[in-house]
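# Coordinate analysis (summary)
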Amino acid sequence: MSFRYKMAALLLSLSAISGVANADLFDNINANKSIRVGFAEQEPFIVTSANGGLSGYEVDLLDAVLARFGTKVDLQAVPTQFGALIPGLQANRFDVIASDLWIRADRAKLVAFANPTHAIIDGVIVLKGNPKKIHSYEDIAKNPDIKLGYISGGGPIADHALSSGVKKEQLVALPDFASLINSVKTKRIDAFVNPNISINAAIKTANDPAIERAEPFKQAVIDGKSTIAYGSYAFRTSDKAFVQQFNVHLKEVIASGEALKIGEKYGFTANDIPAADFTLARVFGYPAALRKQGPEPPCPFLRLLVFVLQRTGQFAVGDLPDGEGHRLLGQLLGGIHRFGGRLRHS
C-alpha cells in the first residue's frame, strides 16, 4: 500500500473512532431521557433540596440548555466530593460536572469544558457604611491596620491580595462564612474576600443589616493579567461533539436573557454572566488575535495548531470563520501528501 493510501486510511480510522466516542452522550440522553450530574454542594450553584432534588444556578441553567435539544431530560444527582469530580467523570460515574468548576488549562487536558457560564471575580464584605473605605486591595495595602479575612484553603484569593501589596500579617484565615461575618461584626477583621457570587449568596442568606458588600471593588491585576476567572460545565473528552451542540444552545440561552433571569434568582448580576459570544477559546486567549491576521496567516503552523485544538475540543466550532476548518484540513492533507512525496524521493 502506498504512503498516500496509508495516511488516508489512518485519518479515516481516527475519524471513525472519534465519531463512535462522540455519539455516546447523545445516545444515552435519547435512550434514557436523563443525564447524570456530578456535583459537590456549593450555594448558589448547586445544592440538594429537602426532597432530594437539585436546585441552584447551574441546575436551572442546565435544564434550560438541555430543553433546547428538543426532549425532556431529567437530572440524576450524583453527590461527590469536590476533589473526586474529575476522576468520577473520567470513570463514567456521571455525565457532566455542575459544581462551579473553574476553567483552567490543566483541567482542560482532562475534561471537555463547555463555554463559560459565569465569571468569577473577587467580592468583599465590610461593616455597614464601609468605614475603612475599602474599594481595592491597594486600599488595604495602604493601611497596615486593616485586617482582611478569607476562607481557609482559599489560596488564590489570598494571592490576589498579596500580589497587590497586602502584607501577609494583614490576612486572617477563618473556616467558614459564619465565622467571617461574625469577625467583621466584632471588628476582629475589617473585611473579608471571597468570589463575588458567593459573597452575594452570603449577604442574602445572612440577611444582616450590619454588613454590606463593598462597592465598587477593583479587581487585582497580576503580571499585567486580570485575575477574573470563569466557570462552566465539564464533560468527558469523548463527548466533544455533544459539547459543541451544547454550546450552540448555551449561547441561545444567554443571548435571550434567560440565563440572567435564572441567575438573578440566586444573586447573580449581569457582570457575573459572560456575553453570549464569550467562548472557551477566549478564556485561554488564542483565537481573537489570530482572527485579525486576515485570510492568509503569517504563521500557517500556528493556524494549523489552532485548528487541531479546535478539533480536539479546545475551541468551539464558531471560533474560526465559516469554512476555515475545511480549508485548513485541506492544507494539512496537502502537506502530508507533499511530505510523503519527499520521503519517497529521498
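Structural notes, computed from the coordinates. (Residues numbered from 1 in each chain as written. Predicted model: local features only at pLDDT ≥ 70, side-chain atom pairs only at ≥ 80, totals over all residues. Heavy atoms only, no water.)

One pass over the structure, following the stated rule, counts 13 salt bridges. Between Asp277 and Arg282 there is a salt bridge, with the nearest N and O atoms lying 3.9 Å from each other. When salt bridges with common partners are traced through the structure, they connect Arg36, Asp95, Arg236 and Asp239 into a single cluster. (Salt bridge = Lys/Arg side-chain N within 4 Å of Asp/Glu carboxyl O.)

For the rest of this paragraph, the subject is the nonpolar core. In terms of nonpolar packing, the biggest core is built from 34 residues, with Val37, Tyr57, Leu61, Tyr233, Phe235 and Phe246 touching the most fellow members. Among the elements of the structure, helix H1 (3-32), strand E1 (34-39), helix H2 (57-67), strand E5 (96-102), strand E15 (229-235), helix H9 (240-255) and helix H10 (258-264) are those that each provide at least two residues to this core. Broken down by element, this core gets its largest block of residues, seven residues, from H2. Among residues more than four places away in sequence, those in contact with Phe235 are Leu25, Leu89, Asp95, Val96, Val111, Ala112, Ala114, Phe242, Val243 and Phe246. (Core = buried A, V, L, I, M, F, W, Y, C linked by side-chain atoms within 4.5 Å. Buried < 20%, exposed > 50% of the residue type's maximum accessible area, 1.4 Å probe, protein only. Helix = DSSP H or I, 4+ residues; strand = E, 2+ residues; numbered from the N terminus. Contact = heavy atoms within 4.5 Å.)

What follows is about the sheet that holds strand E12 (residues 211-213). Judged by pairing direction, the sheet is mixed, and its five strands sit side by side in the order E10-E9-E11-E8-E12 without closing on themselves. In the strand order of this sheet, the two ends are held by strand E10 (171-174) and E12, each with one partner. Ignoring which end each strand starts from, the neighbouring axes of this sheet average 30 degrees apart. As paired elements, strand E9 (residues 148-151) and E10 share four bridges and run parallel to each other. Bridge pairing in E10 links Tyr150 to Ala173. With respect to the sheet, helix H8 (residues 196-206) is in contact with strand E8 (122-127), strand E11 (191-195) and E12, its orientation differing from that of E11 by roughly 120 degrees. (Pairing = 2+ DSSP bridges. Axes fitted to C-alpha atoms, helices over the stretch in contact; angles between N-to-C directions.)

Before going further, it helps to spend a moment on H2. For H2, the buried fraction is high: nine of the eleven residues fall into the buried class. Residues of H2 that are buried include every one of Tyr57, Glu58, Val59, Asp60, Leu61, Leu62, Ala64, Val65 and Leu66, and no others.

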